[in-house]
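# Topology and contacts: notes
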Amino acid sequence: MEIERKFLISKLPENLHQYPFHELEQAYLCTDPVVRIRRSDDSYYLTYKSRGLLAREEANLPLHAEGYAHLLTKADGTVIRKKRYLLPLPKGYPSQLVIELDVFEAPFQGLVLAEVEFSSEEQALAFTPPAWFGQDVTFSKKYHNSRLSCLGGIQEL
């Protein structure tokens, strides 16, 4: 089960370069339900996600690079590329929570989203975001990556 909150970010943290990150590329074979392929650095996955906003089922299966490359040719829509930075939350937040800050590349350059994953819906709903987080878009499908893949770029948001 994936339980997460998602927020728009208008200004990147000044010290972003000091945090670890992953280079992600992902594409969608189906958007309802979501069947996604993803390259994360040198690892490859096929992911199934059920419907939902705050919480939804998620299953990941490993792929080989060859399988990923083959499935990529079968994907519909726009391939999404982004850097995912892993930032700690400030003092006072549970230490196991991490900010996954997604900085999108073209054609979605300029879009930045922060996600925080939780162990329960109660914990997610009780979460007060740091002051630098923008609009909470958890309950909007508009910023689901699967929806973005159906668009041509950021101008269509």
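Because the structure is a prediction, the values reported are computed rather than measured. (Residues numbered from 1 in each chain as written. Predicted model: local features only at pLDDT ≥ 70, side-chain atom pairs only at ≥ 80, totals over all residues. Heavy atoms only, no water.)

Before going further, it helps to examine the overall build of the protein chain. Summing up its helical and strand segments, the protein chain has three helices and nine strands in all. Across the protein chain, helices and strands are ordered from the amino to the carboxyl terminus as β-β-β-β-β-β-α-β-β-β-α-α. With respect to the three principal axes, the spread of C-alpha positions in the protein chain is 45 × 30 × 30 Å. Considering the protein chain as a whole, with its 157 residues, one finds that 43% of them fall into the buried category. (Helix = DSSP H or I, 4+ residues; strand = E, 2+ residues; numbered from the N terminus. Buried < 20%, exposed > 50% of the residue type's maximum accessible area, 1.4 Å probe, protein only.)

As a further point, take the layout of surface pockets. If you roll a probe as big as a water molecule over the atoms, it shows you where there is empty space left. Taken as a whole, the largest pocket spans an internal volume of roughly 310 Å³. Around the largest pocket, the lining is made up of 21 residues, and of these Arg-36, Arg-38, Lys-49, Glu-58 and Arg-84 lie nearest the centre. For the lining of the largest pocket, the secondary structure elements donating two or more residues are strand 1 (2-8), strand 3 (34-40), strand 4 (43-49), strand 6 (58-63), strand 9 (112-117) and helix 3 (145-148). Among the elements that take part in the lining of the largest pocket, strand 3 stands out by supplying four residues, more than any other. Classifying every residue of the lining of the largest pocket gives three nonpolar, six polar and twelve charged. The wall of the second largest pocket is formed by 13 residues, among which Thr-31, Asp-32, Lys-141, His-144 and Ser-146 lie closest to the centre. Split into classes, the residues belonging to the lining of the second largest pocket amount to two nonpolar, five polar and six charged. (1 Å grid on protein atoms, 1.4 Å probe; cavity = no way out; pocket = protein on both sides within 12 Å on 5 of 7 lines; lining within 4 Å. Points joined across faces, edges and corners; volume = space filled by probe spheres on them. Nonpolar A, V, L, I, M, F, W, Y, C, P; charged D, E, K, R; others polar.)

Our next topic: the pattern of salt bridges. Throughout the structure, instances matching the rule amount to eleven salt bridges. Across the pair Glu-2 and Arg-56 runs a salt bridge, and its minimum N-O distance is 3.7 Å. On the criterion of sequence distance, the pair formed by Glu-2 in strand 1 and Arg-56 in strand 5 (residues 55-56) is long-range, its members being 54 residues apart. In this structure Glu-2 comes out as buried when scored by relative accessible area, which is 5%. Given a relative accessible area of 11%, Arg-56 falls into the buried group. (Salt bridge = Lys/Arg side-chain N within 4 Å of Asp/Glu carboxyl O.)

Time to look at the state of the cysteines. Covalently bonding the sulfur atom of one cysteine to the sulfur atom of another cysteine gives a disulfide. Counting across every chain of the model gives zero disulfides. This cysteine, Cys-30, is not joined by any disulfide, and Cys-150 carries the nearest cysteine sulfur, 9.8 Å off. Judged by its relative accessible area of 29%, Cys-30 is partly exposed. By relative accessible area, which is 55% here, Cys-150 ends up exposed. (Disulfide = S-S within 2.5 Å.)

What follows covers the packing of aromatic side chains. Applying the stated criterion across every chain yields a total of seven aromatic pairs. Geometrically, the ring pair formed by Phe-7 and Phe-127 is tilted, given 6.2 Å between the ring centres and 55° between the ring planes. One end of the pair, Phe-7, is in strand 1; the other, Phe-127, is in the loop between helix 2 (121-126) and helix 3, and 120 residues separate them in sequence. The buried category is assigned to Phe-7, whose relative accessible area is 1%. Relative accessible area serves as the criterion here: at 8%, Phe-127 is assigned to the buried category. Among the aromatic side chains, those forming a connected cluster through ring pairs are Phe-7, Tyr-93, Phe-118, Phe-127, Trp-132 and Phe-133. (Phe/Tyr/Trp six-rings, centres within 6.5 Å; stacked < 30°, edge-to-face > 60°.)

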